[in-house]
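Results of the structural survey
The primary structure of each chain is shown beneath.
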Amino acid sequence: PGSYRPPQPIGCDPVTGSGSATTRRGEPVYAVELRRVSKSYTLGRERVQVLDRVDLRIPQRACVALIGDSGSGKSTLLNLIGFLDRPDSGEILIDG
C-alpha cells in the first residue's frame, strides 16, 4: 500500500524488429503479447487485484528481465504467460 509499483519489463537487448518475424502486412510478430490482461485473487473475503489491464509486447529474440517489489505480480504474470493460470480478462498471444 502507498508505495506499490507494478512490475516493469526491462529490455536487455533493444531488438525492435531487426531479424524479427513480420506478418504479410509488415507488422511485427511478438514472442509474447498481452492485451489488457487482468487478474485478481480472493483472499478470505477480500478481492486482490494483482494485474489490471496490462499491455505488454516482447519482441522475438529480446532479452528481458521482470523486476518489481514483492507482491507486485511478477509470478502471476509469468504464470499467465506460461498458461499455468488464466486471466480474468484480456488476451495473451505467443508468437503472434
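Placed above this text is the structure.
None of the values given here were measured: they were computed from a predicted structure. (Residues numbered from 1 in each chain as written. Predicted model: local features only at pLDDT ≥ 70, side-chain atom pairs only at ≥ 80, totals over all residues. Heavy atoms only, no water.)

**A word on the overall build of the chain**
Across its full length, the chain carries one helix and five strands. If you list the helices and strands of the chain from N to C, you get β-β-β-β-α-β. The buried share of the chain, taken over its 96 residues, is 25%. In the chain, once contacts between residues fewer than 6 apart in sequence are set aside, the share between residues at least 24 apart is 65%. Counting every atom, the chain has about 6,900 Å² of accessible surface; 50% of that belongs to carbon and sulfur. (Helix = DSSP H or I, 4+ residues; strand = E, 2+ residues; numbered from the N terminus. Buried < 20%, exposed > 50% of the residue type's maximum accessible area, 1.4 Å probe, protein only. Contact = heavy atoms within 4.5 Å. Areas by Shrake-Rupley, 256 points an atom, 1.4 Å probe, with all protein chains shown as cover.)

**With respect to the sheet that holds strand 2 (residues 30–43)**
The strand order across the open sheet formed by three strands is 3-2-5, and the pairing between neighbours is antiparallel. Across the chains shown, the open sheet's two edge strands, defined by having one partner strand only, are strand 3 (46–59) and strand 5 (89–94). Sheet twist, expressed as the mean angle between neighbouring strand axes with direction ignored, is 20 degrees. Where strand 2 lies against strand 3, 10 bridges are found, and the strand directions are antiparallel. Residue pairing for strand 3: V37 is matched across the bridge by V54. (Pairing = 2+ DSSP bridges. Axes fitted to C-alpha atoms, helices over the stretch in contact; angles between N-to-C directions.)

Distances and angles like these do not, on their own, reveal function.
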